[in-house]
Structures are given as structure tokens and as C-alpha cells.
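The lines below spell out each chain.
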Amino acid sequence: MSSRAQNYEFQERWNKQREFLDKPENAAFLRVEIPSPTSDPTVDKGHTRSARQLSWLWLLKFQQLATSLAWLTNGSIDLLRTANRRIAASKTDSRSDSSISSRLYRIIKYFLFLVILLLCFELVAYLKGWHFSPPSVESAEVAVERAYAKWLGIRANYLAPPLQSLTNLCIILFLIQSVDRIVLILGCFWIKFRKLRPVAAAGYVGRDNLEDYPMVLVQIPMCNEREVYQQSIAACCIQDWPKERMLIQVLDDSDELDAQLLIKAEVQKWQQRGVHILYRHRLIRTGYKAGNLKSAMSCDYVKEYEFVAIFDADFQPGPDFLKKTIPHFKGKDDLALVQARWAFVNKDENLLTRLQNINLSFHFEVEQQVNSVFINFFGFNGTAGVWRIKALEECGGWLERTTVEDMDISVRAHLCGWKFIYLNDVKCLCELPESYEAYKKQQHRWHSGPMQLFRLCFVDILSAKVSFGKKANMVFLFFLLRKLILPFYSFTLFCIILPLTMFLPEAQLPAWVVCYVPGIVSMLNILPEPRSFPFIVPYLLFENTMSVTKFNAMISGLFQLGSSYEWVVTKKLGRSSEADLVAYAEKESDPLVVETTSLHRSSSESGLGELNKIETLKKTGKKRRNRLYRKELALALILLTASLRSLLSAQGIHFYFLLFQGISFLGVGLDLIGEQVS
């Protein structure tokens, strides 16, 4: 009431001033004399522009405008051509989506049609002025106005309340997950402040007695990975560990003949140089990686070994890897696993690898380190780790029941009372997937597998003879919060609820949920990789974009739908080339490393020779190409449509978020974020 009274007084004052100025006798107040520029002789005529100068100026501006329009036109044409090529390629692509993926796409497509219909309805209402003076059913004169009045009642009484309840639930889950991130960051700061780190009882430097070195088995599982097999085999063969106390198993599950021949030739060259290395190939490839490791552990000679180190085909452990990890087992009979950190050789290759590096840096620097220091439990990363073989045997060994055999063995070992150690300062080189297709398949497996495992081991967790705190941590934090709730609220809140609140304004989504808190959480995630701060906005948008893949995978794993048990090998391009390993080896003064440098070169030459012999076999390989992703494109249109609706309500923050998030979905849907294949 006070504001209205002030406005009324101001209007009265303004009317009195207008009456005073409108009188003829007071017109002198409005008369202003402006002298002519030519009447002042002090004006410098050199500063005036001639007609020719003005024409050149306008010609220059026109040229700049034409250049900008040409650039925009060429960019739009290139984008349309790229989209057209990928649409044509997607029509001939024989690969079909899984049933759960197709069902989710159909739901998103129907949602898109509904959103477009509502936008058209709202535009008509805006042009008619019904936004400013909502009509009632009784006062409506035409059918459209009556329909809009009924729509207002339906959305206010029936649609908005359940949407607001779902919104409040997602906000609560979002805040819980944000608190979890903050606690992890504080734990990491505490570790840095107190300089907490695992300390080995004794090392193996300068020891000549071979009996002091435990027997170590090194396993390298691989499958059709001809781009990276050489560097992983060579890196393991040059380990600074007595040859008599180490055996390397190359576990090849390749079904391509050329890859088998190449890997077998590489193993034979190292055998000729005295390295204890064996080549194993399964005829019946069941259980994927878990089945491969289980088959290798069933060999009789494995009983002679105390520890087993596992490296995927694209991993290159340093020559001192075993000397930095094995000593931590001494004097700790309850220690089952020593996990090293991953380091990425291609993290700056493109935008996709940069964003992956942010996520994985937080995972290793914060999550793994905090869980290791405070509760001695974390998920085994599947590679770059050393296991005590006794611990593997006691908890049942490798099982083929899920696609996350590493997490499976970790959970069972922890329930049996074993402890884990994470070494943040021991790094193992590896490669990130550079194409969005490979990254999407990897993320699908990483998010569907944990839900499979949760269904299978939930009863075992409740009945395990461990403390209530460990059970609560495993159920609520390890599985529910970080594996189920995170993808659920991310997809529901930012891809479903936010667009709907634009068309159902009675349900409110606060701006701090849309912008401020996600921005703060993104800054916390980037803290372990501070040089990535310029990518904070793309990182936030891309994480929301990936929520559709993670949500789809989570649902398929939880309810055993679609391709939840499908294992697809993450394709690598061999960026961590042999030159990196050779250059590293040449810097070392150890005679073993210097000697094996020449061996690595000779084996590489032999591999190239073998590759030339079977070049005709490789011609049958599939061509790589960029694809279109339907769900991402449909969601892009939904978000962009919702951004147009937000303009009618003058919601600035919501508009910009929906606009940029829609553009992010569009770029990912057109496969423009990762490797571009011409």
C-alpha cells in the first residue's frame, strides 16, 4: 500500500508540472538557442568529414558487416553439412539401441511434442494479452480463451502440486549430494594440511638377496587392442624387479587374427631376451575381463606367487612401479590392495578429454584418497593396482556376474575384513577415450554395473560381520548416493523439471538451485585440477548433458533392462606411444632399463614387420565415423523450446541456463565435442 501511495503522489506532482509548462507565458523556460557551427570562426574545419570520407567510412562498415555475415553463413553451412552427413550415416548404421534406450527416447520424443504444443499455446495467450489479465471460464468469449482458462485451472490445481513435490525431493537430494562433495573436499584439505600419506615399512633399494623380493605375477588383459599392446607389454617387461621373481601373463581375448599374431610376436621377442612372459588366449571367451582374469588365476603355477599386479592394455607403469607399491604390504597382513593413480597422456587432446580429466582428477585426488585414509576402503579401479593373492582367494576370486568385476571384488574383500591403500604419488600413464561414442559406452558400463552389483550384494552387505558404520557407508554413500541418486536427480532436475516449470509457473525452481549451487559444486570439482578453471562452464553443462546417459545406464542396471550386461572395450588410439616409454627409459641410469630400451625398439620393429605381413587382413576393419545421438538432440530441442517460454516470463537466469544447456545438448547430439573423423 505504501508503494502505491508514493506512486500516486508522484503522478500528481508530475501532472502539476506539466500544467505549468503548457501555459504560453511559461514557454520561455523551454526555449533553447543553439548557435550555428558556421557562425563560430574558431571551429576547425579540418575535423569535419567530407562526403567522400563518409562514403568510405560507410563502405568500410559495410565490408565488415559483409565479412561477418559471410563467416556466419559459412559456419552455418558447414554445421548443416556436418549434421546432414551424420544423419545420412546414422540411417545406414546397422547398430540398434537397446530396448531401454529406445523406450527412453520415445518418452523424450513425446515430451518434446508436448512442450512444443504448450509453447504455441502460450504464444497465442501472450499475443492476446492473457498473460497479464488471465481470463476466467465465465468471461471467456471464444473457444481458445475458454480452453486457456481451463488450462490455467488444471495446471494450478492438478499439475503444479505434484511437480512441486518432485522438485522439492530433487532439491533435497541435490543438497545432500552437495554436502557430500563439500565433506570430501574438507577431508582432502585435512590430508594435505596434516601431510597424511601411507608409509611403507621398508623398500627394496640396494638389496642383492633375491629371497628378499616376493614373487609377483603381472597380468595384462587385452582384447583387440592393436594400437596399444606394445607399450603395455614393454612397460611391464622393463620393471625394476628380479626376473626370477616375476612372471608376466599376457591375457589375450582378441577375436581378430591379426591382433592375435601381433601380440604373440611381441611376447616371443621378449621371451628371447630372457623375460619370463607367457601368452594366453582363450578359445571360449565367457565373462569378458572377469572371465579372462579368472581363467588366468586357475593356472597351477599361480600358487607360487604372493601378489598380482594388473594393468590394462593402454597402461604404462613406470620401471619402479613394483618397488613403490609392494613394500606397503610388508608388516600389514590385513592389507589386500595397493592402488596407484592414473595419469593421462592425452588430457589436452580435445575438449572431451579435458572434461574427463577434471572428473577423474577429483575421483583420484579427493574420493579415493579420502576414503583410503579415513575408512581404508574404496573401489578398485580395475587396473594399476597390486592385489594380495590370498585376499582374492578368500573372498571368492573373480566373478562374472556383473560388468564391474573390479568393484565386485572390492566390496567382497571389504566385507571379509581386508583393507585397501591408495597411493596418490604413484602414477601410471594411460589414455583417455577421445571420441564421444567410446566415452559414452564406457560411462554406460560404469553406471549400469554398480546397480547390478547393488542388487546382487545388498543382502550380503546387511548380513556381513562388519560394523554398522561400514554397512551404512557402503549402502548409503558408496552405492545409493554416488551411484544412484546422483544420476537420478541430475537428469530429473535439469532435463525434466526445469523445462516443465517454464510451462507450469505455479511450480517454482529457485535460481540458486539452477545456477549458484551447481556453480559452487563445479568449482569444488575443479580444485584438484586448478588449470582447468577456464573450462568450468563447459564442465557444468557437459555433466548435465551426460546425465541422460548415466540415468539410462542406472535404470537398465537396476532393473536388468537392455544392454546392462553388455561389455564394449573402450577403444584407444595409442596416444601414449612407445616414444614416451623409450625417452623415459633413456633417462634412467639403471643398466636393466638401458638394456631393455634397445629391446623395446627391436620388438617394435618386429611388430611393424608383422603388421605389414598381414596388412590385407586389416582392410576388412570397420571405418570410424561420427554419429548422431537422438536422445541428446531431442532434449536439446526441449530445452531450447523451454528457453523461449522463459522469455515470456522474463526469467533471466533460467533463460540463459536453458539456452546454453540446450546448445550443449545440441553439440553433443551432433557429436561435435570429441574426436572429429573426416
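Since the structure is predicted, the reported quantities are computational estimates derived from the model, not experimental observations.

J.: When you look at the overall build of the chain in this model, what are you seeing that I'm missing?
T.: When helices and strands are tallied, the chain shows 20 helices and seven strands. Looking at the chain residue by residue over its 678 residues, the buried ones come to 50%. Approximately 34,400 Å² of the chain is accessible, and the part contributed by carbon and sulfur atoms is 60%.

J.: How should the environment of Ser-649 be read in this particular structure?
T.: Considering the arrangement of structural elements, one finds Ser-649 in the loop between helix H19 (630–648) and helix H20 (652–669). On the basis of relative accessibility, which here comes to 32%, the residue Ser-649 falls in the partly exposed class. As a C-alpha pair, Ser-649 and Tyr-126 span 523 residues in sequence and 9.9 Å in three-dimensional space.

J.: Please clarify how the nonpolar core should be interpreted in this entry.
T.: Nonpolar side chains in soluble globular proteins generally cluster together in the buried interior. Counting residues in hydrophobic clusters, the biggest one holds 90 residues, and the most contacted among them are Ile-233, Ile-248, Val-250, Ile-277, Trp-387, Val-411 and Phe-479. For Ile-248, the residues in contact, after removing those within four places along its chain, are Val-218, Ile-220, Cys-236, Cys-237, Val-275, His-276, Ile-277 and Leu-278. Core analysis: the next-biggest nonpolar cluster, separate from the first, contains 51 residues, Tyr-105, Ile-108, Tyr-148 and Trp-151 among them.

J.: What exactly am I supposed to notice about the sheet that holds strand E5 (residues 335–344) here?
T.: By definition, the strands of a sheet pair up through backbone hydrogen bonds, in either a parallel or an antiparallel sense. Ordered in space as E3-E2-E1-E4-E6-E5-E7, the seven strands form an open sheet in which the pairing is mixed. A single partner strand is all that each edge strand has here, and the edge strands are strand E3 (277–281) and strand E7 (419–430). Within this sheet the neighbouring strands show an average axis-to-axis angle of 20 degrees, counted without direction. Relative to E3, strand E2 (residues 246–252) runs parallel, the two sharing five bridges. Within E3, the residue paired with Ile-248 across the bridge is Ile-277. Against the sheet, helix H7 (residues 288–297) touches strand E1 (216–222), E2 and E3, its axis set at about 145 degrees to E1.

J.: Hey, could you run me through the packing of aromatic side chains in this one?
T.: Two descriptors summarise a pair of aromatic rings, namely the distance from one centre to the other and the angle between the planes of the rings. Tallied over the entire structure, the rule returns 25 aromatic pairs. Ring geometry for Trp-342 versus Phe-364: centroids 5.3 Å apart, planes at 50 degrees, classification tilted. One end of the pair, Trp-342, is in strand E5; the other, Phe-364, is in helix H9 (residues 351–375), and 22 residues separate them in sequence. When its relative accessible area of 1% is taken as the criterion, Phe-364 is described as buried. Seen from their ring centres, Phe-478 and Phe-479 are 5.1 Å apart, and the 85 degrees between their planes marks the pair as edge-to-face. Since its relative accessible area comes to 8%, Phe-478 is described here as buried. Among the residues examined, Phe-479 registers a relative accessible area of 0% and is labelled buried.

J.: It is not clear to me how helix H13 (residues 468–503) should be interpreted in this structure. Could you clarify?
T.: Counting along an α-helix, one turn takes 3.6 residues, and residues three or four places apart therefore face a common direction. Compared with the 52 Å implied by 1.5 Å per residue over 36 residues, the 46 Å span of H13 between its first and last C-alpha is markedly short. Along its length, H13 reaches its greatest deviation from straightness, about 50 degrees, at Leu-480. Among the 36 residues of H13, 26 are classified as buried, and the element is accordingly described as predominantly covered.

J.: Please clarify how the packing of helix H4 (residues 143–194) against H9 should be interpreted in this entry.
T.: Think of two packed helices as two axes; the pair is described by the angle between the axes and how far apart they sit. Contact geometry for H4 and H9: axes closest at 9 Å, N-to-C directions at 75 degrees. Taken together, the axes of H4 and H9 lie roughly perpendicular to each other. Where H4 abuts H9, its residues Arg-181, Leu-184, Ile-185, Gly-187, Cys-188, Trp-190, Ile-191 and Lys-192 lie against Phe-362, Glu-365, Val-366, Glu-367, Gln-369, Val-370, Val-373 and Phe-374. In the contact of H4 with H9, the residues fall into ten nonpolar, two polar and four charged.

J.: For this particular structure, what's the right way to read the pairing of E5?
T.: A regular strand places its side chains so that they alternate between the two faces of the sheet. Within E5, ten of the ten residues are buried, leaving the element largely enclosed by the surrounding structure. Where E5 and E7 come together, nine bridges link them in parallel fashion. Paired with Arg-341 across the strands is Lys-427, a residue of E7. In this structure, E5 lies alongside strand E6 (residues 385–388), joined through three bridges in antiparallel fashion. Directly across from Gln-339, in E6, lies its bridge partner Gly-385.

J.: Explanation requested: the environment of Phe-551 in the structure shown.
T.: Within the fold, Phe-551 resides in helix H15 (residues 536–558). The buried category is assigned to Phe-551, whose relative accessible area is 14%. Contact partners of Phe-551, with chain neighbours within four places excluded, come to Pro-487, Phe-488 and Phe-491.

J.: Help me out: how do you make sense of a nonpolar patch on the surface in this one?
T.: Judged by side-chain polarity, Ile-182, Leu-186, Phe-189, Met-523, Leu-527 and Phe-533 come together as a nonpolar surface patch covering roughly 530 Å² of accessible area. Considering each element in turn, the nonpolar patch owes the most residues, three residues, to H4. Take Phe-189: its relative accessible area is 48%, and that puts it in the partly exposed class.

J.: In this structure, what is going on with unusual backbone geometry? I would like to understand it.
T.: In this structure, Asn-224 takes a positive phi of about 55 degrees despite not being glycine. Of note, Asn-224 is situated in the loop between E1 and helix H5 (229–237). Residue classification places Asn-224 among the buried positions, given a relative accessible area of 9%. Non-glycine residue Asp-671 carries a positive phi angle of around 60 degrees.

J.: In this structure, what is going on with the UniProt feature "transmembrane region" (unreviewed entry) in the chain? I would like to understand it.
T.: Within this numbering scheme, the UniProt entry marks residues 107–127, 166–191, 484–503, 509–527 and 628–647 as carrying the feature "transmembrane region" (unreviewed entry). Taken end to end, residues 107–127 is 100% helix and 0% strand, and its two terminal C-alpha atoms sit 31 Å from one another. The distance from the first to the last C-alpha atom of residues 509–527 is 28 Å, and the span holds 84% helix and 0% strand.

J.: Hey, could you run me through the pattern of salt bridges in this one?
T.: Charged atoms that come close allow side chains of opposite charge to pair. Enumeration according to the criterion identifies 25 salt bridges in this entry. In this structure, the salt-bridge partner of Glu-256 is Arg-226, at a minimum N-O distance of 2.8 Å. Taken as a pair, Glu-256 in the loop between E2 and helix H6 (257–272) and Arg-226 in the loop between E1 and H5 lie far apart in primary sequence, 30 residues in all. What makes Glu-256 partly exposed here is its relative accessible area of 30%. One continuous salt-bridge network, built from bridges that share partners, spans Glu-122, Arg-155, Glu-506 and Arg-645.

J.: Would you mind going over the pairing of E1 with me for this structure?
T.: In terms of burial, E1 is a largely internal element, seven of the seven residues being buried. Burial along E1 is two-sided: the face carrying Val-216, Val-218, Ile-220 and Met-222 and the face carrying Leu-217, Gln-219 and Pro-221 are both buried. Judged from the seven bridges that link them, E1 and E2 form a sheet pairing that is parallel. Residue pairing across strands places Gln-219 opposite Gln-249, the latter belonging to E2. Where E1 meets strand E4 (residues 307–310), four bridges bridge the pair, whose relative direction is parallel. Counterpart to Val-216 in the pairing with E4 is Phe-307.

Procedures and definitions
Position numbers for residues start from 1 in each chain and track the written sequence from start to end. Per-residue local features of the predicted model are confined to residues with pLDDT of at least 70, and side-chain atom pairs are confined, for both listing and counting, to 80 or more; whole-chain, interface and lining totals are unaffected and use all residues. Working from all heavy atoms in the structure, the side-chain values ignore hydrogens and water. Counting from the N terminus, the helices are the DSSP runs of H or I reaching at least four residues and the strands are the DSSP runs of E reaching at least two. The classification of residues rests on relative accessible area computed with a 1.4 Å probe and restricted to protein chains. Under 20% of the type maximum is buried, over 50% is exposed, and intermediate values are partly exposed. Only the protein chains shown count as cover for residues, and the accessible areas themselves come from Shrake-Rupley with a 1.4 Å probe. Only buried Ala, Val, Leu, Ile, Met, Phe, Trp, Tyr and Cys residues count toward a nonpolar core, and they belong to the same one when joined by side-chain atoms within 4.5 Å. We call two residues in contact whenever any of their non-hydrogen atoms come within 4.5 Å of each other. Two strands qualify as a pair provided that DSSP identifies no fewer than 2 bridges between them. Simply put, an axis is a line fit to the C-alpha atoms, just over the touching stretch for a helix, and the angle between two N-to-C directions goes from 0 to 180 degrees. Only rings of Phe, Tyr and Trp enter the pairing, Trp through its six-membered ring, and a pair is recorded when the two centres are within 6.5 Å. The plane angle decides the type: under 30 degrees is stacked, over 60 is edge-to-face, the rest tilted. One fewer than the residue count of a helix, multiplied by 1.5 Å, yields its expected span. One fitted axis covers the seven residues ending at a residue, a second covers the seven starting there, and the bend at that residue is the angle between these axes. In what follows, roughly perpendicular refers to angles from 65 to 115 degrees, roughly parallel to angles under 35, roughly antiparallel to angles over 145, and oblique to any angle outside these ranges. Nonpolar residues are Ala, Val, Leu, Ile, Met, Phe, Trp, Tyr, Cys and Pro. Charged residues are Asp, Glu, Lys and Arg, and all others, Gly as well, are polar. A patch is a set of surface residues, each over 30% in relative accessible area and not in a salt bridge, joined within 9 Å for like charges and within 5 Å for the nonpolar side chains Val, Leu, Ile, Met, Phe, Trp and Tyr. When a carboxyl oxygen of Asp or Glu lies within 4 Å of a side-chain nitrogen of Lys or Arg, that pair is called a salt bridge. UniProt positions are given in the numbering used here, feature names are shortened, and annotations may be inferred rather than shown by experiment.

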